[in-house]
Amino acid sequence: MTALEVDLAGIKLRNPTLLASGVMGETGDSLLRVAVAGAGGLVTKSIGLEPRKGYPNPTLVELPDGYINAMGLPGPGIEAFAEEMEIATKSGVPVIGSLFAAIPEDFASLAIKMESYGAAAIELNLSCPHAKGYGMEVGIDPDAVHAIVSSVKDAVRVPVMAKLTPNTHRLLDVARAVEAAGGDAIVAINTVKAMAISVEARRPILHNTTGGLSGPAIKPIGLRCVYELHEAVKLPIVGVGGIESSRDVLEYMMAGATAVQVGSAVGRRGLKVFREICDGLAEHMAANGLNRLSEIVGAAHVH
Amino acid sequence: MTALEVDLAGIKLRNPTLLASGVMGETGDSLLRVAVAGAGGLVTKSIGLEPRKGYPNPTLVELPDGYINAMGLPGPGIEAFAEEMEIATKSGVPVIGSLFAAIPEDFASLAIKMESYGAAAIELNLSCPHAKGYGMEVGIDPDAVHAIVSSVKDAVRVPVMAKLTPNTHRLLDVARAVEAAGGDAIVAINTVKAMAISVEARRPILHNTTGGLSGPAIKPIGLRCVYELHEAVKLPIVGVGGIESSRDVLEYMMAGATAVQVGSAVGRRGLKVFREICDGLAEHMAANGLNRLSEIVGAAHVH
Amino acid sequence: MFIEARITERIRSGRGITTLLFDRPMEAKAGQIVMVWIPGVDEIPMALSHISGVASITVKEVGQATKALSALNVGDLVGLRGPYGNSWDLTPRRILAVGGGVGMSPIMTAVEAVNDRSRVDVAIGARDAGEIIFEERARKASDDVRVSTDDGSYGIKGTVVSLADAMMREKRYDMVLGCGPEIMNKYLLKACNENKVPCQLSLERIMKCGTGLCGSCVIDGLRVCVEGPIFTGEQISRMTEFGKCKRDDAGLKVKI
Amino acid sequence: MFIEARITERIRSGRGITTLLFDRPMEAKAGQIVMVWIPGVDEIPMALSHISGVASITVKEVGQATKALSALNVGDLVGLRGPYGNSWDLTPRRILAVGGGVGMSPIMTAVEAVNDRSRVDVAIGARDAGEIIFEERARKASDDVRVSTDDGSYGIKGTVVSLADAMMREKRYDMVLGCGPEIMNKYLLKACNENKVPCQLSLERIMKCGTGLCGSCVIDGLRVCVEGPIFTGEQISRMTEFGKCKRDDAGLKVKI
Ligand SMILES: Cc1cc2nc3c(=O)[nH]c(=O)nc-3n(C[C@H](O)[C@H](O)[C@H](O)COP(=O)(O)OP(=O)(O)OC[C@H]3O[C@@H](n4cnc5c(N)ncnc54)[C@H](O)[C@@H]3O)c2cc1C
Ligand SMILES: Cc1cc2nc3c(=O)[nH]c(=O)nc-3n(C[C@H](O)[C@H](O)[C@H](O)COP(=O)(O)OP(=O)(O)OC[C@H]3O[C@@H](n4cnc5c(N)ncnc54)[C@H](O)[C@@H]3O)c2cc1C
Ligand SMILES: Cc1cc2nc3c(=O)[nH]c(=O)nc-3n(C[C@H](O)[C@H](O)[C@H](O)COP(=O)(O)O)c2cc1C
Ligand SMILES: Cc1cc2nc3c(=O)[nH]c(=O)nc-3n(C[C@H](O)[C@H](O)[C@H](O)COP(=O)(O)O)c2cc1C
Ligand code: FES
Ligand code: FES
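Here is what the cut-offs are and how they apply
- Residues numbered from 1 in each chain as written.
- Chains lettered and ligands numbered in written order.
- Predicted model: local features only at pLDDT ≥ 70, side-chain atom pairs only at ≥ 80, totals over all residues.
- Heavy atoms only, no water.
- Domains from an automatic or database assignment.
- Contact = heavy atoms within 4.5 Å.
- Buried area = accessible area lost by both parts, 1.4 Å probe.
- Salt bridge = Lys/Arg side-chain N within 4 Å of Asp/Glu carboxyl O.
- Polar contact = N/O pair within 3.5 Å; in protein donor to acceptor, adjacent residues only side chain to side chain.
- Helix = DSSP H or I, 4+ residues; strand = E, 2+ residues; numbered from the N terminus.
- Nonpolar A, V, L, I, M, F, W, Y, C, P; charged D, E, K, R; others polar.
- Pairing = 2+ DSSP bridges.
- Axes fitted to C-alpha atoms, helices over the stretch in contact; angles between N-to-C directions.
- Phe/Tyr/Trp six-rings, centres within 6.5 Å; stacked < 30°, edge-to-face > 60°.
- Buried < 20%, exposed > 50% of the residue type's maximum accessible area, 1.4 Å probe, protein only.
- Lys NZ or Arg CZ within 6 Å of the ring centre and 35° of its normal.
- Core = buried A, V, L, I, M, F, W, Y, C linked by side-chain atoms within 4.5 Å.
- Near = heavy atom within 4 Å.
- Areas by Shrake-Rupley, 256 points an atom, 1.4 Å probe, with all protein chains shown as cover.
- Least-squares fit on C-alpha atoms with pLDDT ≥ 70 in both.
- Right-handed = clockwise from strand over helix to strand, strands pointing away.

Student: Please clarify how the domain arrangement of chain C should be interpreted in this entry.
Tutor: Much of the literature gives interface size as the accessible area that the parts lose upon coming together. Residues and elements named next belong to chain C. What the domain assignment reports for chain C is domain 1 (2-84) and domain 2 (95-255). Here domain 1 and domain 2 have C-alpha centroids that lie 20 Å from each other. The interface is formed by 21 residues belonging to domain 1 together with 22 residues belonging to domain 2. Counting each side, the surface lost to burial between domain 1 and domain 2 is near 1800 Å², with a carbon and sulfur contribution of 60%. If you look at where domain 1 meets domain 2, you find three salt bridges. At the junction of domain 1 with domain 2, the criterion picks out six residue pairs in polar contact (both at pLDDT 80 or more). For the side of domain 1 that touches domain 2, the secondary structure elements donating two or more residues are β1 (2-14), β2 (17-22), β3 (33-38), β4 (42-50), β5 (56-60) and β6 (77-84). Its residues assigned to classes, the side of domain 1 that touches domain 2 comprises ten nonpolar, seven polar and four charged.

Student: Which parts of the structure should I look at to understand the sheet that holds strand β10 (residues 156-157) of chain C?
Tutor: In a beta sheet, neighbouring strands pair by backbone hydrogen bonds and run either parallel or antiparallel. Residue and element names in this part refer to chain C. As summarised here, the arrangement of the seven strands in space is β10-β9-β8-β7-β11-β12-β15, forming an open sheet in which the pairing is mixed. On the outer flanks of this sheet lie β10 and β15 (230-232), each paired with one strand and no other. When strand β12 (residues 199-202) meets β15, the two strands line up antiparallel, connected through three bridges. Pairing of S202 across the sheet is with I230, part of β15. Helix-sheet contacts for helix α4 (residues 160-170) involve β7 (95-100), β8 (120-126), β9 (144-149), β10 and β11 (175-179), and the interaxial angle to β8 is about 155 degrees.

Student: Mind showing me how you'd approach the packing of aromatic side chains here?
Tutor: A ring pair, where both rings are aromatic, is described by two values, the distance of the centres and the angle of the planes. Residues and elements named next belong to chain C. Scanning the model with the defined rule gives four aromatic pairs over all chains in all. Note on F2 and W37: the rings are 5.9 Å apart at their centroids and 55 degrees apart in plane angle, and the pair reads as tilted. In this pair, F2 is assigned in strand β1 and W37 in strand β3, connecting sequence segments 35 residues apart. By relative accessible area, which is 16% here, F2 ends up buried. Geometry around F134 places R137 over its ring, the cationic atom sitting 4.6 Å from the centre.

Student: Would you mind going over the nonpolar core with me for this structure?
Tutor: As a rule of thumb, nonpolar side chains are buried together in soluble globular proteins. Among the nonpolar cores identified, the biggest contains 247 residues, and M114, I122 and I221 of chain A together with M114, I122 and I221 of chain B are the most heavily contacted of them. Non-local contacts of I221 of chain B, meaning those with residues more than four positions away in its chain, are made with V192, K193, A194, L213 and I221 of chain A together with P166, I189 and V192 of chain B.

Student: Looking at this structure, I do not really get the site of ligand 3. What am I missing?
Tutor: All names here are of chain A. Around ligand 3, the structure places 20 residues, and the nearest of them are S21, S46, K163, G242 and S264. Within the side chain of K45, one N or O atom sits 3.0 Å away from an oxygen atom of ligand 3. Here a nitrogen atom of ligand 3 sits 3.1 Å away from a polar atom, N or O, in the side chain of N125. Protein chains shield 98% of the accessible area of ligand 3, which is 600 Å² for the free molecule.

Student: Any chance you could explain the relation of the copies chain A and chain B here in plain terms?
Tutor: By a simple turn and slide, chain A fits onto chain B: the slide is 0.0 Å along the axis, the RMSD is 0.0 Å, and the turn is 180 degrees. Here the two chains are linked by the operation of a two-fold rotation axis. Residue T168 of chain A of chain A places its C-alpha closer to the rotation axis than any other residue of that unit, at 2.0 Å. When the interface residues of chain A are mapped onto chain B, 98% of them again lie at the interface, so the same face is used by both copies.

Student: What is the right way to read the interface of chain A and chain B from this model?
Tutor: Contact with chain A, which involves 43 residues of that partner, is made by 42 residues of chain B. Taken together, the two surfaces of chain A and chain B that pack against each other cover about 3500 Å², and 66% of this comes from carbon and sulfur. Of all residues in chain A, H169, V199 and R202 of chain A give up the largest surface area on contact with chain B, accounting jointly for 20% of the area buried on that side. On inspection of chain A and its partner chain B, the count reaches four salt bridges. Here E200 of chain B and R247 of chain A are joined by a salt bridge, their closest N and O atoms 3.0 Å apart.

Student: Honestly, the pairing of β11 of chain C in this entry has me stumped. Any pointers?
Tutor: Every other side chain in a regular strand lies on the same face of the sheet, so the side chains alternate between the two faces. Residues and elements named next belong to chain C. Where burial is concerned, most of β11 is hidden: five out of the five residues are buried. Across the two faces of β11 the burial is the same, with M175, L177 and C179 and V176 and G178 all buried. Two strands pair when backbone bridges link them, and β7 and β11 are joined in this way by five bridges, in the parallel orientation. Counterpart to A97 in the pairing with β11 is L177. Where β11 meets β12, four bridges bridge the pair, whose relative direction is parallel. From the neighbouring strand, G178 faces β12, where its bridge partner is L201. Handedness of the crossover joining β11 and β12 through helix α5 (residues 182-194): right-handed.

Student: Sorry if this is basic, but what is going on with the sheet that holds strand β6 (residues 77-84) of chain D here?
Tutor: Residue and element names in this part refer to chain D. An order of β1-β2-β5-β4-β3-β6 is seen for the six strands of this closed barrel, with the pairing classed as antiparallel. Each adjacent strand pair in this sheet contributes to an overall mean axis angle of 45 degrees, direction not counted. Where strand β3 (residues 33-38) meets strand β4 (residues 42-50), six bridges bridge the pair, whose relative direction is antiparallel. Residue pairing for β4: I38 is matched across the bridge by D42. Packing of helix α2 (residues 104-114) onto the sheet brings it into contact with β4 and β5 (56-60), and relative to β4 it is tilted by some 35 degrees.

Student: Would you mind showing me how to read the site of ligand 4 here?
Tutor: Residue and element names in this part refer to chain B. The local shell around ligand 4 holds 21 residues, among which S21, S46, K163, G242 and S264 are the closest. Side-chain polar atom of K45 to an oxygen atom of ligand 4: 3.0 Å apart, as the coordinates give it. In this structure, K163 approaches ligand 4 through a side-chain N or O atom, which is 2.7 Å from an oxygen atom. Taken by itself ligand 4 offers 610 Å² of open surface, and the protein chains cover 98% of this. Per-class residue counts for the shell around ligand 4 are six nonpolar, 13 polar and two charged.

Spelled out as structure tokens, the structure:
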């Protein structure tokens, strides 16, 4: 076991940095490039049953400390995605298939396909804040989440991770539902519902009016969610939200994350961010005499 | 009516910038200073029945794009606050009394006292994300909110405003409950639940572990809430969250705010922020041929 | 960063081709692009056609967004994000710059950035005389500017690739810069390979985020908005998708 | 901004008074303060006692937090926020700097910042010899350093205010700087008024946020963390609370 290796719900990762869903995750070739850049694992764009164009532009607003996006879950659909997975799985690092759907049955049939394409795990997007009928519209209801996780667990053998939304006061109830339904890990957080307005144009900038806030602006929110989740459930947690440096990763791991995902930083810092984070983690481990990263998971819980 | 004057639920404000609750609002003298600095109105620190020391330090974390605070609602209690209100009400601008309590009866008796001290309105803090038993713990439940607003409305004659939390998916249900209970305005948003961790110390920085994120980091979240509230209720809305410039105010007003509150910017920009905002608003009005600010309220709703 | 800009000048550059100048400058390098928001309509990628002093774009009308953009008047508002992407490498000594139609837009900023009339020659091509743009601007910045049209209505009759090919046979160049329809780029690359002149070509794909996140603009995994829009001949030669297929809005491959 | 710093040196400056040097410098001006986090214990305001090169604080043990801080060892961690507040105005020509006990900490940075031995005199006072600090440092930076103790165990017997008063009668000063317990500040202000010398005094109140938000540190509506910690004699003369009362953690007035 090399120093940075972590075990996430039975999946071996060479390092704890996964590519977050929705970022460079729509095509096999771009996923490959992220693996070459050093990511420990790859999460695909959230894939649905049918091809979807997503929302018309503008789909993204750039802010000093993050982005607001309302892509609208564009994607080629599960059938066409076979080809992309064939390429992505050549990367040698685990590819986690992210899925969106409205009902348990659709999640299950998507998951079966994803597993057959060679996905190392399934990530259920129960948290997109801007796609009507999908994402957080189902992910705020513990019962609905329980039904989805159960049916996907029945359908596949690979680990099933549920990606949760911070846009609710019921985060911990939802996480407990994932645990009760046999889910293997929690991913937190998806973006925070937000918007931007152009004063001169006197209108919202995003075509969809509202979207999801990501990047450094939401790191304190993601950290809080991971910290609270670590006390509420026993499942491993994947921390996401505003991670741009090894220090951010250490904060998330000390809050309780076993691994992390990096999204916006790919745009803000470039693909080199994976390698920079890993170098920083290795340095921190050496400086602090750590043998494995797992030693610090949850270390900030000091009651 | 001067150009910047606005009418908020019957309260005349010389300009739309109110001091947000919890900032320089614990003593009469400091409230006075904010009025001299140019604020259109003053909201007091949230006051409870008894004196409270608040949480031990650290109670605040400074971030590049905001703060996380967990003051723990310190304050002298409603009896001793009489003296501070006597001074604050000399300012010549409306003083809005912010209150926290756990049950409707306590809110009502606090409100009666506040009104007798000369408060121009009551603001109910239904949204503090870090005080056990208060704030958002009651403010996420439409029924509880309905009961509180009703009982305060029965108790006082001044306008009653409810300050809501973004830490829930039920924001609009809660706002509708305020409207149904006869509330006069909605204030949005209070801080977003968040935390910060020290990697070197391996522990949360705030004594209370979690706190509330404020400042520019949350502006896109506040804007979204105000925008959605404007479509959900007819009540006037007071926009709060990350406001630091006249442009921010214009965005909030176009989203649907009748007036705004400024909190963190008092620390980040200094007290001069009120005058700078007002100068910027006057300039925008001149450049765009606006006679009253009310013309732009909700202007970004362009379906 | 997102900025709101107003149009200060609107120039008819050619038939259906409009140059819009903005009220604010942009710190950009030759060849870089911006995302242009036309409020209420769309947001589309555009090369900057002026970078020093004022910023401008030059728009060819092809569909709804470009038509709406071209119809904007002085004083009207657009949103701008960027500049995004890489820029031309202008260090090689003798440069031949080749622009097809509105592809002259990022080519022109390169020619002006070289800032040495004798170091850069220009080949301008289009289907017909109406679509030839920036000839005057080019003549101010280069000693040797030649023009071709497919139908011979102006300049030499033939494609701009044949013109560039002839110039490469006639003179020695250390680098070719090219921008135009993908089919033009494809043949230009071939001509450069035959003449053993290295090249840089500016490519196009569907752009949504502009910042390297969404992946909609990839060619063989390379993002036009980050690793591009300008790619070297070697990079392009290794691409399996160039000249053959592109991705649609859903990320599905479609034939070019 | 919040930073994590480690202690590189720990100096016993006096009885129950410890100077802690940190592994990172701070861009600060003489008289400014920091919020010092002692993980697991508390976060408390401290004046910086060194600002050029390394940063340091000098802590007097009075309660739980200051005791825990004083007990930290080299290599131990603290969190630092700041610097906050205003700084001494050191433009007046002839300055008398007056420090009582650990109040010498921000006084010492002022004396060193003047950087002209002949322009600044120093009066150091404490209850007894054990609490006299920074005498050596002061002698390196000033031509005229005098010491007093209340019990006469070292230097002149008497309060530092009597000492300062004597110095003002003896020499002409354009400004007095003072820092010490509020009762000392009160009498120092009186002495300055009698001698018609303007003064600046560094004051203390309960600090929580340090950034001008919470209002816990106000004296008559002025925030010690923003408008202070240093106030002019004129400002202080207008205060109703100075020397009389302060606010507790709940914001209630308590007598001093
Ligand atoms: C890097 C880059 C630089 C460009 N520079 C210029 C320029 O300087 N001047 C200019 O006139 N045009 C430029 N374009 C092309 C321009 O963006 C398209 O013509 C425009 O988006 C078409 O929009 P429409 O609504 O008018 O047409 P539509 O009818 O919507 O589309 C026409 C064609 O344009 C392409 N297109 C549509 N939307 C997009 C999009 N979001 N991103 C990329 N392509 C799209 C598609 O291939 C489509 O088939 C550039 C494109 C890219 C990618
Ligand atoms: C602007 C400023 C600069 C200071 N500089 C120094 C310095 O350079 N060296 C030094 O030794 N001390 C300094 N102090 C005083 C120091 O902050 C207190 O001695 C310390 O906070 C006491 O904490 P404790 O837990 O040890 O004692 P406690 O037993 O908790 O308190 C003792 C007394 O200290 C005061 N105090 C407690 N907490 C705070 C707080 N958060 N903010 C302000 N006062 C508090 C109260 O008056 C209290 O009665 C400064 C204070 C201020 C306001
Ligand atoms: C452009 C963009 C597209 C995204 N698409 C998806 C998606 O399809 N599915 C999903 O679960 N999350 C999606 N996300 C959310 C990210 O995976 C991540 O949870 C969020 O951005 C926070 O992490 P970050 O701050 O590192 O970006 C998207 C984020 C961005 C910025
Ligand atoms: C230090 C601090 C203390 C606060 N105390 C209160 C409070 O007592 N009651 C309340 O309703 N809101 C309180 N708030 C929230 C603010 O009123 C405001 O809703 C929030 O900070 C967002 O606005 P801003 O970004 O302008 O700060 C506090 C905020 C801060 C930063
Ligand atoms: S447009 Fe290039 S990655 Fe999104
Ligand atoms: S400590 Fe000064 S305002 Fe908070």
